[in-house]
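Examining the three-dimensional arrangement
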Amino acid sequence: MTRAEMRKAGQKGGKGGGRRGAAAASAAAAAGPGKKRFIDYPRFGKTGVRRWLPSWKQWLSGFLIVFAACVGGVYYLYQGTQVPTLKELMKDQNTIYYWADNTEMTRKGETNRQIVELKDISPNLQNAVIAAENQDFRTDSGIDPKGMLRAVYNMAKGGETQGASTITQQYVKNAYLSQEQTLSRKLKEFFITLKVNQQTSKDDILKGYLNTSWFGRGSNGAQAAAQAYYGVDAKDLDVCQSAMLAGLLKGATYFDPSNPANKERAQGRWSWILEQMVKTKAITPEERAKCTTFPDPIPLKTNSSMNGEISYLVDTANKYLMATDKTITPQVIDKGGLKVYTTFEKDKVDALKKAVDDVKGENLNAQKRPNNDTFIQFGSASIRPGDGAIVALYGGDGVENGHFDNNADAIGVQVGSTFKPFVLATAMQIGVQTATDDKGKPKRINADSRYLSDDMSEIRKPDGSLVIGDDGKPYRQKNEDAGKRGYVSLRQAMQFSYNVPFVQLNQDVGGQNVANIAEQMGIKKEGFADPKTPTFALGTSTISPIRMATAYGTLAASGKETEPYSVTKVEVDGKERPGFGKKDPRVALEPAVADNVTDVLVNVASNGTGTKTKTLGRPVAGKTGTTDQNKSAWWVGYTPQLVTSVAMWREDPSKHERLSLNGTGGKESIHGGDIPTDVFTRYMKAALANEKKMDFPTPQPVGTEVDSSGAPVSPTMTPSQTASDTPSAPPTTQPGGNQPPPTGNNQPQPPASSPACAPGVDCPGTQPSQPPTRTHTSPGPTGTCGIFGCNTGPPTTPPTDTPPPSGKPSGKPPTPSSTSGGQNGLLP
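Residues numbered from 1 in each chain as written. Predicted model: local features only at pLDDT ≥ 70, side-chain atom pairs only at ≥ 80, totals over all residues. Heavy atoms only, no water.

1. Some thoughts on helix α24 (residues 675–687)
The test is simple: A run of H or I in DSSP counts as a helix once it spans at least four residues, and a run of E counts as a strand once it spans at least two, with each numbered from the N terminus. The span expected for a helix works out to 1.5 Å for each residue beyond the first. Any residue under 20% of the maximum accessible area for its type is buried, any over 50% is exposed, and the rest in between are partly exposed; the area is computed with a 1.4 Å probe on protein chains only. Note on contacts: a residue pair qualifies if any of its non-hydrogen atoms lie within 4.5 Å across the two residues.
With 13 residues, α24 extends 18 Å between its outermost C-alpha atoms, agreeing within 8% with the 18 Å of an ideal straight helix rising 1.5 Å per residue. α24 sits mainly inside the fold: ten of its 13 residues count as buried. Buried within α24 are the following residues: Ile 675, Pro 676, Thr 677, Asp 678, Val 679, Phe 680, Thr 681, Tyr 683, Met 684 and Ala 687. Lining the buried residues of α24 we find α17 (346–363), β6 (376–383), β7 (390–394), β18 (621–626), β19 (632–638) and β20 (643–652).

2. Notes on the state of the cysteines
Our working definition: Criterion for a disulfide: a pair of cysteine sulfur atoms at a distance within 2.5 Å.
One pass over the structure, following the stated rule, counts one disulfide. Covalent S-S linkage joins Cys 240 and Cys 291, the inter-sulfur distance amounting to 2.0 Å. Its S-S torsion of approximately -100 degrees makes the covalent link between Cys 240 and Cys 291 left-handed. Separated by 51 residues along the polypeptide, Cys 240 in helix α11 (residues 239–248) and Cys 291 in the loop between α14 (285–289) and α15 (310–324) bring together distant segments of the chain. Exposure class is identical for Cys 240 and Cys 291. Each is buried.

3. Thoughts on the packing of aromatic side chains
The condition that has to hold: When the centres of two rings from Phe, Tyr and Trp lie within 6.5 Å, Trp using its six-membered ring, the rings pair. Their planes under 30 degrees apart give stacked, over 60 give edge-to-face, and anything left gives tilted.
The final tally for this structure, using the stated rule, is 13 aromatic pairs. With 4.5 Å between their ring centres and 10 degrees between their planes, Tyr 98 and Tyr 341 make a pair best called stacked. Placement of Tyr 98 in strand β1 (residues 95–98) and of Tyr 341 in strand β5 (residues 338–342) is noted, with a sequence separation of 243 residues between them. Given the relative accessible area of 11%, Tyr 98 is considered buried. In this structure Tyr 341 comes out as buried when scored by relative accessible area, which is 15%. Measuring from ring centre to ring centre gives 5.8 Å for Trp 635 and Phe 680, while their planes differ by 65 degrees; the resulting arrangement is edge-to-face. Of this pair, Trp 635 sits in strand β19 while Phe 680 is found in helix α24, placing the two residues 45 residues apart along the sequence. Given the relative accessible area of 0%, Phe 680 is considered buried.

4. Structural notes on the pairing of strand β15 (residues 567–572)
Short version of the rule: Pairing between strands is defined by DSSP: at least two bridges between them are needed.
As defined by bridge partners, β5 adjoins β15 across five bridges and the pair is classed as antiparallel. Opposite Leu 338, over in β15, you have Val 572 as the bridge partner. Strand direction decides the pairing type here: β15 and strand β16 (residues 575–576), joined by two bridges, are antiparallel. Bridging from a neighbouring strand, Val 572 pairs with Lys 575 of β16. The antiparallel pairing of β15 with β16 creates a hairpin that spans two residues between the two strands, and Asp 573 there sits at a positive phi of about 50 degrees.

5. Focus: the sheet that holds β16
Across a sheet, strands are paired by hydrogen bonds formed along the backbone, either parallel or antiparallel in direction. Pairing is mixed in the open sheet, where five strands are placed in the order β2-β1-β5-β15-β16. Both outer strands of the open sheet, β2 (104–108) and β16, are each paired with one neighbouring strand and no more. Pairing analysis gives three bridges linking β1 to β5, with the strands arranged parallel. Each bridged residue has a counterpart across the sheet, and for Ile 96 the counterpart in β5 is Lys 339.

6. Here we look at a nonpolar patch on the surface
We apply this condition: Each patch groups residues whose relative accessible area exceeds 30% and which form no salt bridge, using 9 Å between like charges and 5 Å between nonpolar side chains of Val, Leu, Ile, Met, Phe, Trp and Tyr. For every accessible area listed, the method is Shrake-Rupley and the probe measures 1.4 Å; residues are considered covered only by the protein chains on display. A side-chain nitrogen of Lys or Arg and a carboxyl oxygen of Asp or Glu constitute a salt bridge if their distance falls within 4 Å.
A cluster of nonpolar residues, Trp 56, Leu 60, Phe 63, Leu 64, Phe 67 and Val 71, forms a patch on the protein surface that exposes about 680 Å² of accessible area. Residue Leu 64 is classed as partly exposed on the basis of its relative accessible area of 48%.

7. Some thoughts on the side chain of Gln 241
Note that Gln 241 resides in helix α11. Exposure remark for Gln 241: the relative accessible area of 15% places this residue in the buried category. Apart from the residues lying within four places of it in its own chain, the contact partners of Gln 241 are Tyr 230, Asp 236 and Pro 295.

8. Overview of the side chain of Asn 603
One can find Asn 603 in helix α23 (residues 591–607). A residue is classified by how much of its surface remains accessible, and Asn 603, at 15% relative accessible area, is buried. Apart from the residues lying within four places of it in its own chain, the contact partners of Asn 603 are Arg 491, Gln 495 and Gly 608.

9. Observations concerning the confidence of the model for the chain
Convention followed: pLDDT expresses how confident the predictor is about each individual residue, on a scale running from 0 to 100.
Summing up the model confidence of the chain, the mean pLDDT is 81 and the portion of residues at 70 or higher is 75%. Here residues 716–800 is a poorly scored stretch, pLDDT under 50, and it has 261 contacts once near neighbours within four places are set aside; other chains count. Note that residues 802–827 has pLDDT below 50 and, in this model, 126 contacts with residues that lie over four places away or in other chains.

Right, here's the structure in full:
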């Protein structure tokens, strides 16, 4: 101890007595400093907090040790990181798809890929890529530190990482296309980028990048892309073509102009890249000026392994893969190495295609009726209720016939009256706002509740006020004919697909509530029209066949909704990925509600607009739907074991414009109860040939009879009278842009007194007989005539689905999508 320390020790000891203090000091002095430690910590001779605080020498030593360890670690990782050769990155692999029985369905991914030298890639494409992706490529270090830190930060938050920022980093990412978002992969990418930038020339890096990048259409590399999009070699690409191809590197799924939904986006990026090429002096303004017309690519070349329905099955499976596992991208699929086990059953897929082909062959003759039987399209999906497995689908005529959109997942087709069951289910599950129960909640109703069905009836809000049309007059809803049947039960209204009762019921329960229930049943909200419009109940929404089958499957499963899926298992490079297969069902409706709606739809199939299904010889439930001007026709039906949706429409592929089905097949009009129901019945006969007949559950009571305002107290009823027969003016805007709003099945009906059927219209079942008269009056026109004659009473044959209203609320037009071939959120 130093003298000062000995003095302090003596002073402390002195507090306990002079002798003890002196003794302590003497002992400390005699002991001396002791053996010197290698690391003096805790610090000798220090007391209190200072004893545990490192000295400046210790701080400096610690920093130098950690720094040396980091440098050594970086050096070790850098030296140990191997840069793969270009050929090692381009191993040919297949992505193999299997049927539900594990037999091979098809394979893809190993052919459209070529490595070429940089001199065989047009300088136009090289400059376009540099201008679009990394303008400082020739001078940068190959690393974007901010981008790397941003990616690590997003990864730590659990979000999606952004793409690499430099061409060198993107090249390295292509080399390690496992797509794992882990810190170890990011570190490996970082070190390879450093090594590549140090050891490889910029030209070789650019060559590697252009040979490994994914351009869409199954093409990896510039040479494959040039052939796939323009049918030329990469060295022959001009400036305009090069700018388009460079734009695909940002994401071919979103910028491939072959998809009409991408066209505007692709043109915008093409123009931007050309401007950047001028900015970087890769081209002159004069050369830019020559690119006045967007260079549309050639039609997609088909692979024979994708003919028939296979391409649509693969498309559906791929969408489900990418939606379920975000690390599986189109690039990963095209690179190969995946084994995809699907839910598709080959015998059912073949049976569905045969049903469509047979019905088309018997009804369509494009040579005889070129103005009516051309551009006819079908879309269909078949799902196991309670499970969600998609066992079959029909997506179109096949890529070999130039049809590339997957119609089973088309979202641009309005569904018409097939939407009405969602309105009824909402009324049973949630209740109507026009009456309350003993707890003050909306009163739940049953199918015996009666609603006014007269043509051109005024529609009222829950508070009793009138819905006003765009012309400022009371909004009136049309049925198919001008009949006045008075108040009918909702069961009868569904059976004969009257519009007026369901438009009023939609007001009573609230359109948003209907949308919520439909979404719970499996419909994606992206397909909904505006729930605030009165026509919402009549199917102005555009929903894919897959999602319509899913929602009706919820009814078949007594209210349990199961998400549709098309892949049971997937292996990537031999390792199984989690998260695929059947999802746990969730309760969307009370069992009693679902079973009661099913009971109503059984009546539709037995006695209403779907009687073609009687030849199936087993219990069937379902609903027809046809939109205004017959621009689409639907049947969605089910048995306890299988639910199938069938949609039919006509579309000019050059204009992507819906055309009327009137005159198709030589028939005055086409309706959901006609050709779509025929396809359904033929398919279901084959699909269920080896399955036993099953009955639907007996429905338990639900709700009470709650009649709409004005309904007679007694069961006796008569067609209502009206004070005015002048309808409100038609709305200024129709749903879908240039399309009027659809309603139910817009099927012509015979006059009330006619015993015959209209051409092309089924006449099954019986219509409620004319009831005794009553004195109650309610809104509705008088003295109107149907399309086949003046009304003298209820028709003797059942009407089918019906046309659009004569007006809609001011300023709130329905706005359904008009785009087809999209992924309606499905992504099964």
